[in-house]
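Below are the chains, spelled out letter by letter.
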Amino acid sequence: MPKKRSGGGLSPMQQAAKFLGVSVLAGAVMAGIALPAAGALGLAAKGSVKGFDEIPANLKSPRLSQRTTILDNQGGQIATVYSRDRTVVDLKDISPYMQKAIVAIEDSRFYKHGAVDLKGVLRALNKNAQEGGVAQGASTLTQQLVKNYFIEEAGDDPTKVAEATQQTLGRKIRELKYAIQIEDKLGKKKILENYLNITFFGEQAYGVEAASQRYFSKHAKDLNVQESALLAGIVQSPSRYDPVNDEAEATKRRNTVLQRMAEVGDISQKEADQAKEKPLGLHTSRPKNGCITAVKGAGFFCDYVRQVVLTDPVFGKSKEARAKLWNQGGLTIRTTLDPQAQESVQASIKDHVYKSDAVATAATLVEPGTGKVLGMGQSRPYGVNIKNDETTINLSVNHDMGGGVGYQPGSTFKPIVAAAAVEGGKPPTQEYSSPYEMTYPSPVSACDGKLWRDDPRKPTKLTNENEEERGPYGMKEATAKSVNTYYVQLISDIGICPVIDMAKKMGVQRADGRQIRQAPSIALGTQEMSPLTMASAYAAFASRGMYCTPVAIESITQKVGSEQKSLAVPKSTCSRAMSEKTADTISTLLKGVVEDGTGQEAGLGSRPSAGKTGTTDERYAAWFVGYTPNMAGAVWVGDPQHKRKMTSITIGGVPHDKVYGGEVPGPIWRDMMSGALEDKPAPDFNLIDIPDGDSEDGRGKGDRGDNEGNNGNNGNNGNTGQLIGGLIGGLTGGGAADGGATGGTPGGTTGGGTGGTFPTPTFSVPENLIQGQGNGGTGTGRRRH
């Protein structure tokens, strides 16, 4: 095996042998062209080289990979990404000095020979032998261009790259045949242009324009003679002649190029000598590649755009085809990102949660009625340096789009249950006993005629947040106070399947891609979801029942040669998830949350808004999801690893004994929405009238059959309560009643319950007359529809 000389390169004797072999090969190929019947002239006798005539006749120039530019919806640049940093330019936009320098050092007889330069081979052999190194090469620029074509086609596949660069006789023959074809087809100027655009100049720069920007921060058309000589000299060995890491070696190589330019008459000897005395004059620019360079904290949105291109079939039928499109680049992607909204998202996050906090936050904004993603950010910066609290996991999106496995949304799921109930006919005045503590009703109807059953040996218990939260409650108050027992009773009443169906219509799915588990506990938000999913779902309420799938790309053009070609992009699919009346009902309920309920800290002042808080068991996650008629947003706060409980914790410099959805996520949501909506219209909702407790028939509220007795506390009978309560309510003029003694009152002895106006009767009622005789909480009292 030949030995390399210290400092790189082969010895003069080895160089002579190598170039003699190429010379003989070139002669053999030329003979093969003249005498095609000779086949490969014996070269394939042992099967080591494919017959010359069997090589495909047409070599298509590969589409050169270029940088892709990602823009916001105003045309501002978010980031540039590329597999290869390259900007293709015309020959007229490349300095004449650069054109002369590359020809002088790589192929000085370029304009005098064909695809194969036999005289050049002999000249190079003699020159290299004299200097004891590799001063000149034997391959023509055309042959080098063909080799680069093969490397470009190989992309980032190491196996294909090895095949494209292997030193075999078969590859040389194939390279020479294609070089002959290209010489005939393209002509010298186009070959030179293609070569200068495809070749590698080190420091991640492909093509002369990228190299000029990298080393001198200027365009290739503005390069002077010594700068051109430096770049031309790098090509032979980008690592050895790298001026950033070895100035002395790069200077020596530059001067070799300058001297060669003088020898071939491109410049005078005086010009060459003067240029040799000048410093390298580097003015380097850092590579600006990838979503890590995104402005306004939009790195995660940038990555989401990349994931869309790599996964959506509109960009290619196969995974490989989509990856090729992305890696080839040359795309200009105009996105849906609103710069004002994005800045507001990041500013709010920065104000409320530090990147070094034990927990993180993620927030997403979408436009109702279009599905456009307007903003996306998180407190942990985009990047790979864990020590700097960076991450590439997009906490706002589902796992298959570069996110995690999601987070339990807690009570922010309750409005979906309410929507399913109202759409199915339940009135927003629906009441349940809603005790502080209860076990899950069992069995509960599920999809496909199945039943969910709790374990009778260990019934599952649940409680409300505070012991003071004891019903009976109607939907409006239960939503404002986020009463757990109310919503479990509601889903147990209507069944699980209507809720699953409504969730699907609203695009709600688990972040890990699994199916939502059919259990009444889903009413409390026990299935892990992402902020983008929840923001898009709530946007359906804002748009009066129309759900639109989220979209991040508005248009894409691709540079093909000197032309721009438009590509198809994914479109949002909008469909009706619920009636306008149902959506308006939910908006009315959720408006009450920010006005009088758990989400008051998220209120937007005079601008109408609606939303819902959510806090999970053990406080692993806290949420606020809300909307105005023209924007919807979701904010999550928690530990991405699902390990840190948010108790006795400091977030954004503020200590908290316990974190609530309205306390930390709520203000983040308020501030990001305020900034995003500044100077934008403030339309109102289409609200409906939901009585605080009076039903349409004018009967007293004192007795509520929907309370279902006392949920087992005393075995109250709802029908009895309905009868007596209705009688008392009617006699005293206290308003509507629908039956049932109060639920949650010890002993079940107080008719009329809590939370409403119930005049004191003017006569006494025997105590045992209104005591309940119920059935353990499932209730037999009449329910309103």
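Provided above is the structure to which this section pertains.
Residues numbered from 1 in each chain as written. Predicted model: local features only at pLDDT ≥ 70, side-chain atom pairs only at ≥ 80, totals over all residues. Heavy atoms only, no water.

## Focus: the overall build of the protein
Point 1. When helices and strands are tallied, the protein shows 22 helices and 20 strands.
Point 2. Within the span of the protein, comprising 785 residues, buried residues form 54% of the whole.
Point 3. Put simply, of all contacts in the protein between residues at least 6 apart along the chain, 71% involve residues at least 24 apart.
Point 4. Surface summary for the protein: the accessible area is close to 33700 Å², and the carbon and sulfur share equals 50%. (Helix = DSSP H or I, 4+ residues; strand = E, 2+ residues; numbered from the N terminus. Buried < 20%, exposed > 50% of the residue type's maximum accessible area, 1.4 Å probe, protein only. Contact = heavy atoms within 4.5 Å. Areas by Shrake-Rupley, 256 points an atom, 1.4 Å probe, with all protein chains shown as cover.)

## Observations regarding the environment of Ile393
Point 1. Its location among the elements puts Ile393 in the loop between strand 5 (373-378) and helix 15 (414-423).
Point 2. On a C-alpha basis, the gap between Ile393 and Tyr382 in space is 8.0 Å, while along the polypeptide they are 11 residues apart.
Point 3. Beyond its immediate stretch of four places on either side in the chain, Ile393 contacts Phe300, Gln378, Gly402, Gly403 and Gly404.

## Quick look at the packing of aromatic side chains
Point 1. A full pass over the atoms with the stated rule returns 13 aromatic pairs.
Point 2. Arranged with centres 5.9 Å apart and planes meeting at 65°, the rings of Phe150 and Tyr178 form a pair that is edge-to-face. On the criterion of sequence distance, the pair formed by Phe150 in helix 4 (residues 141-154) and Tyr178 in helix 6 (residues 169-186) is long-range, its members being 28 residues apart. The exposure classification of Phe150 matches that of Tyr178, with both residues buried.
Point 3. Taking the centre distance of 4.6 Å and the plane angle of 35° together, the rings of Phe200 and Tyr206 count as tilted. (Phe/Tyr/Trp six-rings, centres within 6.5 Å; stacked < 30°, edge-to-face > 60°.)

## Notes on the side chain of Thr616
Point 1. Structurally, the position occupied by Thr616 is in the loop between strand 16 (610-615) and strand 17 (621-628).
Point 2. Residue class for Thr616 comes out buried when judged on its relative accessible area of 7%.
Point 3. At 3.4 Å, the side chain of Thr616 and the backbone nitrogen of Tyr620 are in polar contact.
Point 4. Those residues in contact with Thr616 that lie beyond four places of it in its chain are Gln408, Gly410 and Ala621. (Polar contact = N/O pair within 3.5 Å; in protein donor to acceptor, adjacent residues only side chain to side chain.)

## Structural notes on helix 10 (residues 247-263)
Point 1. Spanning 17 residues, helix 10 covers 24 Å between terminal C-alpha atoms, matching the ideal 24 Å at 1.5 Å per step.
Point 2. When helix 10 is considered as a whole, its buried residues turn out to be Glu249, Ala250, Arg253, Arg254, Asn255, Val257, Leu258, Arg260, Met261 and Ala262.
Point 3. The first or second residue beyond helix 10 is Gly265, which carries a positive phi of 90°. (Expected span 1.5 Å × (residues − 1).)

## What about the side chain of Asp357?
Point 1. For Asp357, the position within the fold is in the loop between helix 14 (339-352) and strand 4 (360-366).
Point 2. Within the buried core, Asp357 has no salt-bridge partner, and the shortest N-O distance to an opposite charge, that of Arg380, equals 7.9 Å.
Point 3. At 2.8 Å, the side chain of Asp357 forms a polar contact with the backbone nitrogen of Gly652.
Point 4. If sequence neighbours within four positions are ignored, Asp357 has contacts with Arg380, Thr650, Ile651 and Gly652. (Lys, Arg positive; Asp, Glu negative; His and termini not counted. Salt bridge = Lys/Arg side-chain N within 4 Å of Asp/Glu carboxyl O.)

## A few points about the sheet that holds strand 17
Point 1. Reading across the sheet, the 5 strands line up as 5-4-18-17-16 and stay open at both edges, with antiparallel pairing between neighbours. Looking at the sheet topology across the chains shown, the edges are occupied by strand 5 and strand 16. Across the sheet, the mean angle separating the axes of adjacent strands is 5° when strand polarity is ignored.
Point 2. Summarising the sheet, strand 4 and strand 18 (residues 631-638) pair through 7 bridges and their orientation is antiparallel. Across the sheet, residue Val366 finds its bridge partner in strand 18, namely Ala632.
Point 3. The strands touched by helix 20 (residues 580-596) are strand 16 and strand 17; relative to strand 16, the strand with the most contacts, the crossing angle is about 65°.
Point 4. Where helix 21 (residues 665-676) meets the sheet, its contacts fall on strand 4, strand 16, strand 17 and strand 18, and the angle it forms with strand 18 comes to roughly 145°. (Pairing = 2+ DSSP bridges. Axes fitted to C-alpha atoms, helices over the stretch in contact; angles between N-to-C directions.)

## Some details on a positive patch on the surface
Point 1. A surface patch of positive charge is lined by Arg63, Lys160, Lys324 and Lys565.
Point 2. With respect to the helices and strands, Lys160 occurs in helix 5 (residues 158-165). (Patch = residues over 30% accessible without salt bridge, like charges linked within 9 Å, V, L, I, M, F, W, Y side chains within 5 Å. Charge placed at Lys NZ, Arg CZ, Asp CG, Glu CD.)

## Thoughts on the state of the cysteines
Point 1. Within the structure shown, the criterion is met by 3 disulfides.
Point 2. Across a sulfur-sulfur distance of 2.1 Å, Cys291 and Cys302 are joined as a disulfide pair. Because the torsion about its S-S bond is -70°, the bridge between Cys291 and Cys302 counts as left-handed. Of this pair, Cys291 sits in the loop between helix 11 (269-276) and helix 12 (299-311) while Cys302 sits in helix 12; the two residues are 11 residues apart in sequence, bridging distant segments of the chain. (Disulfide = S-S within 2.5 Å.)

## Overview of the sheet that holds strand 3 (residues 331-335)
Point 1. If you trace the 5 strands from one edge of the open sheet to the other, you get 2-1-3-13-14, paired in mixed fashion. Of all strands in the sheet, those bounded by a partner on one side alone are strand 2 (77-81) and strand 14 (563-567). Strand-to-strand twist across the sheet, computed as the mean angle between neighbouring axes with direction ignored, equals 20°.
Point 2. Pairing of strand 1 (residues 68-71) with strand 2 involves 4 bridges; the strand directions are antiparallel. Bridged to Leu71 within strand 2 is Gln77.

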